[in-house]
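# Observations on chain architecture
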Amino acid sequence: MTRVLILCTHNSARSQMAEALTREAARRAGAALEVHSAGTEATRVKDEARTVMAERGLSLDGHRSKTLHDLPDPQRFDYVITVCDSAAEACPVYPGPTIRLHYPFVDPSGGSLERWRAVRDQIETQFTAFVEALAGGRPVPPSSTQSPAVA
């Protein structure tokens, strides 16, 4: 089974949404993925993330903000994907065959629900493409250096 870690700073919004959306994309694609998210520090899962994910029929109930130390076998992931620049800079070195990717997204914190929805939709598009590439035996989308614009 392919292990995927999605890493952000606080594991409170973008990485939580990406975790749920990646699991759902894997379920739809029939891809055997074990998906986790974590932060460089733990806080709490934001209510707005819960709200916009519920709009997609995905619950973040039971999700909690966590760090790498809270994960099973934290040094053994096939893919480590950072979703914010500060996490990319603070990401630990992974030995062996771990593939590191950077898919940055604008932080929706403090913004309207429309902003949260736009970021959720961008995350969904990016991580669905990632899962579909894995499921189809194709190269995954490459790292990006710039967050997509949010309307």
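Here's a quick rundown of the structure. As the structure is a prediction and not an experimental result, all values here were calculated from the model.

Let us look at the overall build of the chain. Broken down by element type, the chain carries four helices and four strands. The secondary structure elements of the chain, listed N-terminal to C-terminal, are β-α-β-α-β-α-β-α. Taken against the 2.2 N^0.38 rule, which gives 15 Å for 151 residues, the C-alpha radius of gyration of the chain at 14 Å falls within 12% of a compact globule. The principal-axis extents of the C-alpha atoms in the chain amount to approximately 40 × 30 × 30 Å. Counting all 151 residues of the chain, 46% fall into the buried class. As displayed, the chain has an accessible area near 7,200 Å², and 50% of this comes from carbon and sulfur atoms.

Take the pairing of strand 3 (residues 79-82) next. Every regular strand shows the same layout, with side chains that alternate between the two sheet faces. Residues Y79 and I81 of strand 3 are buried on one face, and the alternating residues V80 and T82, pointing to the opposite face, are buried as well. Where strand 1 (residues 2-8) lies against strand 3, four bridges are found, and the strand directions are parallel. Considered in strand 3, the bridge of L5 is made with V80.

As a further point, take the environment of N11. Here N11 is to be found in the loop between strand 1 and helix 1 (14-29). Using a relative accessible area of 0% as the deciding quantity, one classes N11 as buried. Ignoring sequence-local partners within four residues, the contact set of N11 consists of Q16, S37, A38, G39, E41, R44, V45, R64, S65 and K66. Separated by 3.0 Å, the side chains of N11 and Q16 make a polar contact.

This brings us to the side chain of S15. Among the structural elements, S15 can be located in helix 1. Given a relative accessible area of 0%, S15 falls into the buried group. One polar contact links S15 to N11, side chain to side chain, over a distance of 2.9 Å. Residue contacts for S15: discarding those within four places in its chain leaves I6, L7, C8, S37, A38 and V83.

Looking now at the nonpolar core. The biggest cluster of nonpolar side chains holds 43 residues, and the ones touching the most others in it are L5, M17, I81, Y103, I123, F127 and F130. Only strand 1, helix 1, strand 2 (33-39), helix 2 (47-54), strand 3 and helix 4 (113-135) provide two or more residues apiece to this core. If you tally residues by element for this core, the top one is helix 4, at seven residues. Ignoring any residue separated from it by four or fewer positions in sequence, one finds I81 in contact with V4, L5, I6, L7, L101, Y103, F127 and F130.

Before going further, it helps to examine helix 4. For the α-helix, the turn length of 3.6 residues means that residues three or four positions removed from each other point alike. Along its 23 residues, helix 4 runs 32 Å from first to last C-alpha, staying within 8% of the 33 Å computed at 1.5 Å per residue. Listed as buried for helix 4 are W116, V119, R120, Q122, I123, F127, T128, F130, V131 and A133. Those residues of helix 4 that are buried lie in contact with strand 1, helix 1, strand 2, helix 2, strand 3 and strand 4 (99-102). At the C-terminal side of helix 4, G137 shows a positive phi close to 70 degrees.

Now for the packing of aromatic side chains. By the definition in use, this model includes five aromatic pairs. Centroid distance Y103 to F130: 6.5 Å. Interplanar angle 75 degrees. Geometry classified as edge-to-face. With Y103 in the loop between strand 4 and helix 4 and F130 in helix 4, this residue pair connects regions lying 27 residues apart in the sequence. Accessibility expressed as a relative area gives 0% for F130, which makes it buried. On the numbers, 6.4 Å between centres and 35 degrees between planes, the contact of F105 with F127 is tilted. Placement of F105 in the loop between strand 4 and helix 4 and of F127 in helix 4 is noted, with a sequence separation of 22 residues between them. What makes F105 buried here is its relative accessible area of 3%. Accessibility expressed as a relative area gives 0% for F127, which makes it buried. Grouping aromatic residues by their ring pairs yields a cluster made of Y79, Y103, F105, F127 and F130. Taking NZ or CZ as reference, R3 lies 4.2 Å from the ring centre of F77, over its face.

Conventions used here
- Residues numbered from 1 in each chain as written.
- Predicted model: local features only at pLDDT ≥ 70, side-chain atom pairs only at ≥ 80, totals over all residues.
- Heavy atoms only, no water.
- Helix = DSSP H or I, 4+ residues; strand = E, 2+ residues; numbered from the N terminus.
- Rg over C-alpha atoms; globule rule 2.2 N^0.38 Å.
- Buried < 20%, exposed > 50% of the residue type's maximum accessible area, 1.4 Å probe, protein only.
- Areas by Shrake-Rupley, 256 points an atom, 1.4 Å probe, with all protein chains shown as cover.
- Pairing = 2+ DSSP bridges.
- Contact = heavy atoms within 4.5 Å.
- Polar contact = N/O pair within 3.5 Å; in protein donor to acceptor, adjacent residues only side chain to side chain.
- Core = buried A, V, L, I, M, F, W, Y, C linked by side-chain atoms within 4.5 Å.
- Expected span 1.5 Å × (residues − 1).
- Phe/Tyr/Trp six-rings, centres within 6.5 Å; stacked < 30°, edge-to-face > 60°.
- Lys NZ or Arg CZ within 6 Å of the ring centre and 35° of its normal.

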